[in-house]
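Examination of the molecular architecture
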Amino acid sequence: MKTIEMKKATAPLAEYARDARREPFVLTVGGRPVAALVPLKNADIETATLSTDPRFLALIERSRSRQKKEGGISGAEMRRRLGLAKKRHSA
C-alpha cells in the first residue's frame, strides 16, 4: 500500500488513480489516513456508492441482526413465493 502526505500530493488525480489500479493508495494528514484510492474490480457505480453509504450499511446490519434473531426463509422458499421456482422437465 502506498501512502502520501496530502501536502505532498501535487500530481494530477489521474496519476494517483493509475497507481491505485495496482495497489491501494492512502492520503494522510499528519500521518493519519484521511482518504484512499482503491482498485474496483467487478463493481459498478451503484455497488461502489452503496458500499460506503452509512444508511445503507446500517440497513444491512439491522436486517442481518433481525434474521439472526427471528430466522428467515430459504432461497428456494423465496423463489416459490415469488413464482420463480424452477420448473422440472420430465424426460
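All figures in this text were calculated on a predicted structure; none of them were measured in a lab.

Along the backbone of the protein there are four helices and three strands. Element order for the protein, N to C, with α for helix and β for strand: β-α-β-β-α-α-α. Relative to its length of 91 residues, the protein is extended, with a C-alpha radius of gyration of 22 Å against a globular reference of 12 Å. Along the first, second and third principal axes, the C-alpha set of the protein runs to 65 × 40 × 20 Å. Looking at the protein residue by residue over its 91 residues, the buried ones come to 10%. Pairs at least 24 residues apart make up 15% of the contacts formed inside the protein by residues separated by at least 6 positions. Total accessible area on the protein stands at roughly 8,300 Å², and carbon and sulfur atoms take up 55% of it. Both charge centroids of the protein, one from 20 positive and one from 10 negative side chains, sit 6 Å from each other.

This paragraph deals with the pattern of salt bridges. Going through the model one piece at a time under the given rule, you end up with six salt bridges. A salt bridge links R66 to E70, with the nearest nitrogen and oxygen atoms 3.1 Å apart. Of the two residues, R66 and E70 both sit in helix α3 (residues 54-70), four residues apart, roughly one turn of that helix. In this structure, the salt-bridge partner of R80 is E77, at a minimum N-O distance of 2.7 Å. Of this pair, R80 and E77 both sit in helix α4 (residues 75-81), three residues apart, which is roughly one turn of the helix.

Here is what the cut-offs are and how they apply
- Residues numbered from 1 in each chain as written.
- Predicted model: local features only at pLDDT ≥ 70, side-chain atom pairs only at ≥ 80, totals over all residues.
- Heavy atoms only, no water.
- Helix = DSSP H or I, 4+ residues; strand = E, 2+ residues; numbered from the N terminus.
- Rg over C-alpha atoms; globule rule 2.2 N^0.38 Å.
- Buried < 20%, exposed > 50% of the residue type's maximum accessible area, 1.4 Å probe, protein only.
- Contact = heavy atoms within 4.5 Å.
- Areas by Shrake-Rupley, 256 points an atom, 1.4 Å probe, with all protein chains shown as cover.
- Lys, Arg positive; Asp, Glu negative; His and termini not counted.
- Charge placed at Lys NZ, Arg CZ, Asp CG, Glu CD.
- Salt bridge = Lys/Arg side-chain N within 4 Å of Asp/Glu carboxyl O.

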